[in-house]
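Here are the chains, one letter per residue:
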Amino acid sequence: DDGIRSQTTPEILSKLKPVFDPQNRSTTAGKSSQMTDGAAAILLTTRAHAAHLNLPILGIYRSFSVVGVPPSIMGIGPAVAIPKLLNDAKISTEDVELYEINEAFASQAKYCIEVLGLDTSKVNVNGGAIALGHPLGCTGARLTVSLLHEMK
């Protein structure tokens, strides 16, 4: 709720200056996440250790992917990382019930969703960073925690 601005109108948003690409005007402060305070924690351990500590199992860590994209096109990593991860795990986008994709900018998130061909009803179902804020330093944990709790 740090970013809610009830006085915002389409007219006000249309006057905001583009940030990265003045020609296409696709990214402005009005279509960007606001920085917010936030904290999240994740404990990654073995099933045996979790049982020993009497902790609930919220998820199973199956795989990960490491890819790189040019820094000049920041934010499109999911469009490259997700296909690699799905291929490595031998599953398809349809096999995944929910996606949490960092949404620093609307254009960046929209690009990733379109390139991946994702069903938008499965992406950031409780809102992304534009709605919830972008707590720097805990985004990965926040995305994971949000997803795990939604999947209960």
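Note: the structure precedes this text.
Everything numeric here is computed off the predicted structure, so don't read it as measured data.

Chemist: Outline the overall build of the protein, supporting the account with residue identities and numerical values.
Modeler: Each helix and strand in the protein was counted, giving six helices and zero strands. Secondary structure of the protein in N-to-C order comes out as α-α-α-α-α-α. For the C-alpha atoms alone, the extent of the protein along its principal axes is close to 55 × 35 × 25 Å. For the protein, the proportion of its 152 residues judged to be buried stands at 29%. Counting only contacts in the protein whose residues sit at least 6 apart along the sequence, the fraction spanning at least 24 positions is 62%. Just so you have it, the protein exposes about 10400 Å², and 57% of that area is on carbon and sulfur atoms. Averaged over its 13 positive side-chain charges, the protein has a centre that lies 4 Å from the centre of its 14 negative ones.

Chemist: Can you lay out the layout of surface pockets for me, pointing to particular residues and giving the numbers?
Modeler: The calculated volume of the largest pocket comes to roughly 1800 Å³. Considering the residues around the largest pocket, the lining is formed by 43 residues, among which I60, Y61, T144, L147 and L148 are closest to the centre. Looking at the lining of the largest pocket, the elements that each hand over two or more residues are α2 (47-52), α3 (77-89) and α6 (139-150). When its residues are assigned to classes, the lining of the largest pocket shows 28 nonpolar, ten polar and five charged.

Chemist: Any chance you could break down α6 for me, citing the residues and the numbers?
Modeler: Between the first and last C-alpha of α6 there are 16 Å, a value that for twelve residues agrees with the 16 Å anticipated at 1.5 Å per step. For α6, the secondary structure elements touched by its buried residues are α5 (129-132).

Chemist: How would you summarise the nonpolar core if you had to cite specific residues and measurements?
Modeler: Formed by I82, L86, V96, Y99, I101, I113, L116, L118 and V123, the largest nonpolar core amounts to nine residues. Put simply, the parts of the chain that give this core at least two residues each are α3 and α4 (106-116). For I82, the contacting residues outside a window of four places in its chain are Y99, I101 and L116.

Chemist: Tell me what's going on with the environment of S65, and back it up with residues and numbers.
Modeler: Summarising the element assignment, S65 is placed in the loop between α2 and α3. On a C-alpha basis, the gap between S65 and A51 in space is 28 Å, while along the polypeptide they are 14 residues apart. With residues near it in sequence (within four places) discarded, S65 still touches A81, K84 and L85.

Chemist: Pulling in residues and values, what's your account of the environment of E11?
Modeler: On the secondary structure map, E11 appears in helix α1 (residues 10-14). Expressed as a C-alpha distance, the spacing of E11 and P135, which sit 124 residues apart in the sequence, is 28 Å.

Chemist: Residue-level account of the packing of α3 against α4, with values.
Modeler: Packing of α3 against α4 leaves a shortest axis separation of 8 Å and a crossing angle of 35 degrees. In the packing of α3 onto α4, the handedness of the crossing is right-handed. In this structure, α3 uses P78, A79, I82 and P83 to contact α4, whose residues at the interface are Y111, C112, V115 and L116. For the contact of α3 with α4, the class distribution of residues is eight nonpolar, no polar and no charged.

Parameters at a glance
- Residues numbered from 1 in each chain as written.
- Predicted model: local features only at pLDDT ≥ 70, side-chain atom pairs only at ≥ 80, totals over all residues.
- Heavy atoms only, no water.
- Helix = DSSP H or I, 4+ residues; strand = E, 2+ residues; numbered from the N terminus.
- Buried < 20%, exposed > 50% of the residue type's maximum accessible area, 1.4 Å probe, protein only.
- Contact = heavy atoms within 4.5 Å.
- Areas by Shrake-Rupley, 256 points an atom, 1.4 Å probe, with all protein chains shown as cover.
- Lys, Arg positive; Asp, Glu negative; His and termini not counted.
- Charge placed at Lys NZ, Arg CZ, Asp CG, Glu CD.
- 1 Å grid on protein atoms, 1.4 Å probe; cavity = no way out; pocket = protein on both sides within 12 Å on 5 of 7 lines; lining within 4 Å.
- Points joined across faces, edges and corners; volume = space filled by probe spheres on them.
- Nonpolar A, V, L, I, M, F, W, Y, C, P; charged D, E, K, R; others polar.
- Expected span 1.5 Å × (residues − 1).
- Core = buried A, V, L, I, M, F, W, Y, C linked by side-chain atoms within 4.5 Å.
- Axes fitted to C-alpha atoms, helices over the stretch in contact; angles between N-to-C directions.
- Left-handed = near helix turned anticlockwise from the far one by under 90°.

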